[in-house]
Amino acid sequence: MAFYVVQFLTGLASAASLFLVASGLSIIFGVTRIVNFAHGAFYMIGAYIAFTLTDRFSGAFGFWGGIVVAAFAVALIGVLVEMVLLRRIYHVPELFQLLATFGLTLMVQDLVVLIWGPDDLVGRRAPGFKGAVDFFGQAIPSYDLFLIVLGPVVLGILWLLFQRTRWGVLVRAATQDRDMVAALGVNQKWLFTSVFAVGVFLAALGGALQIPRDAVHHAMDLRIIVEVFVVVVIGGLGSIVGAFVAAVLVSELNAFGILIFPKISIILVFLVMAVVLIVRPWGLFGKPEAAARRTPGLTVNPWRPLTQNERLGALAALIVAAALPLFAGNYALTVGSEIAIFVIFAVSLHFLMSVGGLASFGHAAYFGLGAYGIAFLAKMAGLPMIVCLLLGPLLGLMGAAVFGFFAVQLSGVYFAMLTLAFAQIVWSIAFQWVSVTGGDNGILGLWPEKWAASPSHFYWLALGVAALVTCGLRIAVFSPFGYALRATRDSLLRSEAVGINAKRMQWTAFVIAGTTAGIGGALFAYLKGSVFPDNLGISLSVDALVMVLLGGVETVSGAVIGAIVYKALNIWLVSQTDLSKLVLGAFIMLIVVVFPKGIVGTLEMLLQRRKPLAPPGPTILAKPIESAE
Amino acid sequence: MRARNYFVGAAFALLAGGMAQSAMAQDIKIGEINSYSLLPAFTEPYRKGWQLAVEEINAAGGINGKKLVVVSKDDSGKPADAQTAANELVSSEGVAMLAGTFLSNIGLAVSDFANQKKVFFLAAEPLTDAITWSKGNKYTFRLRPSNYMQAAMLVEAASKLPAKRWATIAPNYEYGQSAVAVFKKLMSEKRPDIQWVDEQWPPQGKIDAGPVVQAVAAANPEAILNVTFGADLVKLVREGNTRGLFKGREVVSFLTGEPEYLDPLKDETPEGWIVTGYPWYSIKTPEHDAFLKAYQAKYNDYPRLGSIVGYQTIKSAAAILAKANSTDPEKLIAAAEGLSVPSPLGEVTFRKIDHQSTLGAFVGKTALKDGKGVMVESAYKKGSDYLPGDAEVEKLRPKD
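Please read all numbers here as calculations on a predicted model, not as lab measurements.

Caption draft 1: Summary view of the overall build of chain B. Counting its regular elements, chain B contains 13 helices and 14 strands. For 400 residues, the compact-globule formula gives about 21 Å, and the C-alpha radius of gyration of chain B, at 21 Å, lands near that figure. Along the first, second and third principal axes, the C-alpha set of chain B runs to 65 × 45 × 40 Å. Expressed as a percentage of the 400 residues in chain B, the buried residues total 62%. When contacts within chain B are restricted to residue pairs at least 6 apart in sequence, those whose partners lie at least 24 apart make up 68%.

Caption draft 2: Just the overall build of chain A, in detail. Secondary structure summary: chain A contains 29 helices and six strands in total. For 629 residues, the compact-globule estimate of 2.2 N^0.38 gives 25 Å, and the C-alpha radius of gyration of chain A, at 25 Å, lies within 12% of that figure. Dimensions of chain A along its principal axes, counting C-alpha atoms only, are 75 × 60 × 45 Å. Within chain A, the proportion of its 629 residues that are buried is 57%. Put simply, of all contacts in chain A between residues at least 6 apart along the chain, 79% involve residues at least 24 apart.

Caption draft 3: How the structure looks around the sheet that holds strand β14 (residues 372-381) of chain B. Residues and elements named next belong to chain B. Read from one edge of the open sheet, seven strands run β7-β6-β8-β9-β10-β13-β14, paired in mixed fashion. Each of the sheet's edge strands pairs with one partner strand only, and the pair in question is β7 (195-200) and β14. Here the strands of the sheet are splayed against their neighbours by 25° on average, with no regard to which way each runs. Sheet analysis places strand β8 (residues 223-226) next to strand β9 (residues 250-257), joined by four bridges and oriented parallel. Bridge pairing in β9 links Leu225 to Val252.

Caption draft 4: Molecular detail of the sheet that holds strand β4 (residues 120-123) of chain B. Residue and element names in this part refer to chain B. Across the sheet, five strands lie side by side as β2-β1-β3-β4-β5; this open sheet has parallel pairing. The open sheet has two edge strands, β2 (67-74) and β5 (140-142), and neither has a second partner. Neighbour-to-neighbour, the strand axes of the sheet open up by a mean angle of 25°, direction not taken into account. The pairing of β4 with β5 spans three bridges and is parallel. Across the sheet, Ala123 pairs through a bridge with Arg142, a residue of β5. Sheet strands touched by helix α4 (residues 104-117): β1 (27-34), β3 (97-100), β4 and β5. Its angle to β4, the strand with the most contacts, is close to 165°. Relative to β3, helix α11 (residues 305-324) is tilted by about 160°, and along the sheet it contacts β1, β2, β3 and β4.

Caption draft 5: Quick look at helix α10 (residues 268-279) of chain A. Residue and element names in this part refer to chain A. With 12 residues, α10 extends 17 Å between its outermost C-alpha atoms, agreeing within 8% with the 16 Å of an ideal straight helix rising 1.5 Å per residue. Three or more residues of α10 are buried, namely Leu268, Val269, Phe270, Val272, Met273, Ala274, Val276 and Leu277. Packed against the buried residues of α10 are α8 (220-235), α9 (240-260) and α18 (412-432).

Caption draft 6: Focus on the interface of chain A and chain B. Counting residues at the interface gives 60 residues for chain A, matched by 64 residues for chain B. When residues of the side of chain A that touches chain B are traced back to their parent elements, those giving at least two are α1 (2-32), β1 (121-122), β3 (138-141), α9, α14 (330-355), α26 (558-576) and α27 (580-594) of chain A. Among the elements that make up the side of chain A that touches chain B, the one with the highest residue count is α1(A) (seven residues). Class assignment for the residues of the side of chain A that touches chain B results in 26 nonpolar, 21 polar and 13 charged.

Caption draft 7: Just the nonpolar core, in detail. By size, the foremost hydrophobic cluster in this structure holds 358 residues, and its most contacted members are A:Ala204, A:Met273, A:Met417 and B:Met97. If you tally residues by element for this core, the top one is α14(A), at 18 residues. If near-sequence neighbours (up to four positions away) are discounted, B:Met97 is found in contact with B:Ile30, B:Val119, B:Phe120, B:Phe121, B:Leu122, B:Ala317 and B:Leu332.

Caption draft 8: A look at the confidence of the model for chain A. When pLDDT is averaged across chain A, the result is 89; 95% of the residues are at 70 or more. In this model, residues 614-629 of chain A is a region of pLDDT below 50 whose contacts with residues beyond four sequence positions or in other chains number 13 contacts.

Caption draft 9: Spatial organisation of the environment of A:Phe129. Residue and element names in this part refer to chain A. Tracing the backbone shows Phe129 in the loop between β1 and β2 (132-135). Separated by 441 residues in the primary sequence, Phe129 and Asn570 place their C-alpha atoms 45 Å from one another. Residues in contact with Phe129, not counting those within four places in the same chain, are Ser142, Tyr143 and Phe146.

Caption draft 10: Up close: the packing of helix α3 (residues 79-92) of chain B against α4(B). Residue and element names in this part refer to chain B. The contact between α3 and α4 brings their axes to 9 Å, and the two run at 40°. With respect to each other, α3 and α4 are oriented oblique. Like other packed secondary-structure pairs, α3 and α4 cross with a definite hand, here right-handed. Along the contact surface, α3 presents Pro79, Ala82, Gln83, Ala86 and Val90, while α4 presents Asn105, Ile106, Ala109, Val110, Phe113 and Lys117. Class assignment for the residues of the contact of α3 with α4 results in eight nonpolar, two polar and one charged.

Caption draft 11: Fine view of the pairing of β8(B). Residue and element names in this part refer to chain B. Neither face of β8 is open: one carries Ala223 and Leu225, the other Ile224 and Asn226, and all of them are buried. Inspection of the sheet shows strand β6 (residues 165-169) paired to β8 by four bridges, in the parallel sense. The residue bridging Thr168 from the neighbouring strand is Leu225, located in β8.

Caption draft 12: Local environment of unusual backbone geometry. A positive phi is found at A:Arg33, a non-glycine position, where the angle reads about 65°. Here A:Arg33 is to be found in the loop between α1 and α2 (39-56). One non-glycine residue with positive phi stands out, namely B:Asp370, at about 50°. Tracing the sequence through the fold places B:Asp370 in the loop between β13 (361-369) and β14.

Caption draft 13: Spotlight on the environment of A:Leu418. All names here are of chain A. Inspection of the secondary structure assignment puts Leu418 in helix α18. Taking the C-alpha atoms as reference, Leu418 lies 11 Å from Gly283; in sequence the two are 135 residues apart. Apart from residues no more than four positions distant in its own chain, Leu418 is found in contact with Ala274, Leu277, Phe406, Ala407 and Leu410.

Caption draft 14: Examining the packing of α14(A) against α26(A) more closely. All names here are of chain A. With their axes 8 Å apart at the nearest point, α14 and α26 run at an angle of 140° to one another. Taken together, the axes of α14 and α26 lie oblique to each other. Considering only the axes of α14 and α26, their crossing is right-handed. Residues Val335, Glu338, Ile339, Phe342, Val343, Ala346, Val347, Leu349 and His350 of α14 form the contact with α26, whose own contacting residues are Gly558, Ala559, Val560, Gly562, Ala563, Ile564, Lys567, Ala568 and Ile571. By residue class, the composition of the contact of α14 with α26 is 13 nonpolar, three polar and two charged.

Caption draft 15: Up close: the pairing of β14(B). All names here are of chain B. Relative to β14, β13 is paired through eight bridges, and the arrangement is antiparallel. Bridge pairing links Leu368 to Gly373 in β14. Hairpin connection from β13 to β14: two residues lie between these consecutive antiparallel strands, with Asp370 at a positive phi of about 50°.

Caption draft 16: Looking closely at the confidence of the model for chain B. Residue and element names in this part refer to chain B. Of all residues in chain B, 94% have pLDDT values of 70 or greater, and the mean over the chain is 91. Helix α1 (residues 20-23) is the least confidently modelled element of chain B, averaging 42 in pLDDT, while β4 averages 97, the highest of any element. Scored below 50 in pLDDT, residues 1-24 shows 32 contacts in the model against residues more than four places distant or in partner chains. Listed scores for the predicted complex are pTM 0.89 and ipTM 0.87.

Caption draft 17: Representation of the environment of A:Ile157. All names here are of chain A. Looking at where Ile157 falls in the secondary structure, it is placed in helix α5 (residues 142-164). What makes Ile157 exposed here is the crowd of 10 C-beta atoms within 10 Å. Note: C-alpha distance between Ile157 and Met1 (156 residues apart in sequence) is 33 Å.

Calculation criteria
Residues numbered from 1 in each chain as written. Chains lettered and ligands numbered in written order. Predicted model: local features only at pLDDT ≥ 70, side-chain atom pairs only at ≥ 80, totals over all residues. Helix = DSSP H or I, 4+ residues; strand = E, 2+ residues; numbered from the N terminus. Rg over C-alpha atoms; globule rule 2.2 N^0.38 Å. Buried ≥ 20, exposed ≤ 12 C-beta atoms within 10 Å, placed from the backbone. Contact = placed C-beta atoms within 7 Å. Pairing = 2+ DSSP bridges. Axes fitted to C-alpha atoms, helices over the stretch in contact; angles between N-to-C directions. Expected span 1.5 Å × (residues − 1). Nonpolar A, V, L, I, M, F, W, Y, C, P; charged D, E, K, R; others polar. Core = buried A, V, L, I, M, F, W, Y, C linked by C-beta atoms within 7 Å. pLDDT = per-residue confidence, 0-100. Parallel < 35°, antiparallel > 145°, perpendicular 65-115°, else oblique. Left-handed = near helix turned anticlockwise from the far one by under 90°.

Here it is, written out as structure tokens:
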């Protein structure tokens, strides 16, 4: 019995650490709607600075003082980031801020290694909490007890802050309806900055408090960021109590789950999230999101098919691309194939995001399923390549059909997180089912047949498919189906009022996007000659998101440019420098500031301005609405 | 930054060109790939090791009079990126052979690439048994002692322990799974009386150490096998120390004696664990002394195991290139099979039968000295003594 009590307390201690970080994320998201990808980075910097301070200053005062000072220092960095970077991009489409914080995260990962060196650092133990307390023969670390107390204390302080101060009232109001708060004359700039600072402070405090039990190293951020997102979503966005309950739920399920299924940790949080979101679409303590007041379509330049000249231009670009084998070597051609494949992947997500208004955080699942489809068909059934290429993506289709059915019941960030949960479930199956998928050692030896083996042939194949897919999706955008889908994106209520079955439209779009991604994955398997669980992983999903956002989510085919720029730059930087993340991160942040609507989006806007003859209606309408924000 | 990686810096500006080869006709190039950005704690000393080797080789006249150049690429820790890098090295840099890699899945991806493109590949670090056995191919050789070999070395010591109730803690991915599987199999063969009472599989890099330690303690084992390393190991050791998990229990642990993983533990190093590792401070052989002196003179730092691996990878590659006196992959294979080369840890041979080198490892016990973790009572175990018989290897490896 004593064992179960101690295991429960151990779970509570884990929950407290998780809650500190998650609460900060929840507050930031609730008010600013920023999907703060850099939250893990702030957590990590907090740990590093605390390590340096506690190492430098001895004694109890040095330790606890170091922790608090570290958290304040990082909060200050957070304020700087908010004022210099994020403030410039609040008005641009949602999720674009994700790109900025993603760039920041990349930079921080390289910076901490430059500053603190590559070795894992082990900080000292907390003075006064070094040992363990005996509980009926079981040892409980006293630091765990400290954390168990700290969690509810922080919860209480936050609760008082939100319930009993004017600032708290404003934060809660902004969480519920920030447009209305702005309309009532509250200075949003100041509110957002302060909220961001508090959130970052909590993240850094969470990181700093880990040093007596963890090692400080440069991958800490990725270890925690996804998990805290999941906790925030399970709890309900913007709900601090929800985040606390979710952290306890997840940690306790893990603590007791491993007693029965020792391998459960790898997937547990995602299973819990999937179940919670299917049963309660807004998380445990969340409330349904208020209907968006702004109609997204209005800020967009009205979409139209390409003019005759533009078509010729696109065709000319394609011909130039197709002529690459005439003057480029094998390496350039293979890189070209890879870029073409990522164009397919990016446009498939772009279709879902820009036309369907559904941002998926787990799009790599369908890419990877397409790749595994090839692996199964070619290695187990021994089918010829052309048959594999036709049938392989069907695995992506099936995955998208099943998961999409559940996912489209939700919207916004909840939709995104459910897709992430599904992707992680698929990933863990590929990772764990060693006898079928080979686990993380993957499936090898999937090289293309002779007719496609030479780099130039494969390049033409990939380029041709990419061109077909892009055209196909453009045709879909301007088909009746595309218009109906855009209607559901712009106004769910009105579209349903005119008789559009919104869920079915969105589901269809999801399946189309998933299948297309599967086509990309199928080609990718042949390009690399192997399939790994990486092909389904979070980092690939994030890459796709970055490509779409970089190109411009409000454009028809911006993802093509986004994919080319991002992938080419990425491959080139990784090849040229060990600090590729630092440079790439800086580049992304620059793009975010210079091209606040994405590369293509901003270019289109500039062209539009230069052309006074553009359709006047929507642009005039858009102006006052944009500035009213 | 990059200048360190390149001994010749001009050629790589030509992304698309095949011109690189002609410009460097007098040099022999080795293409090297590793997870520099993902695993700097291991790859930084590794890089220093191979840079030292390159310097020594060229100071001694290069390879049959030609200058050796190593072109190094980062793989970001992803198999797909490693293949892109391998492709660049082969197609556009025109390297004579590929070398390097750390993670098992990346090693396998590059080995499959080498097999497909018919390029010689010397895997430095990946530990998976598959790379020389179940997924072995004729183009791939491997330097470090495999999972199987390290398990066999540990089992030799572990089977002498009186403990009968064993628990295992291993990261939940291929490396951890196969380390546990081999250890269990070899151990149960030697000691049929052993019971396996619990196993824990925390996700790699994400161990929630408290509950794991509690769960293992609840099974009340007499001995524990640990396969976690890096930050996970730190968390496990800290929780285990506080909760008294290791008190009165034998612990056998993969890799923990390597300075990369032992040094961060500082004064929290648990004592008396049976580990594999690299006690550079207590190796007294002329070969190692020479290496240690050269390394410390150049870097003013002590070597880690990665330094040895990096150093020996390039030394072995150079020996293979010198013996073949050609860059033709078939000739390189012929030269490498059965080749014996000197190393800081004694002579190693690349076996003809499975292309595994006989580089060994040190087995010893952890101890605390002046607030730092060290390995004591350590002995070098030759790799050749811990490999299964030829008949068994033939069965494990597909025919080329």
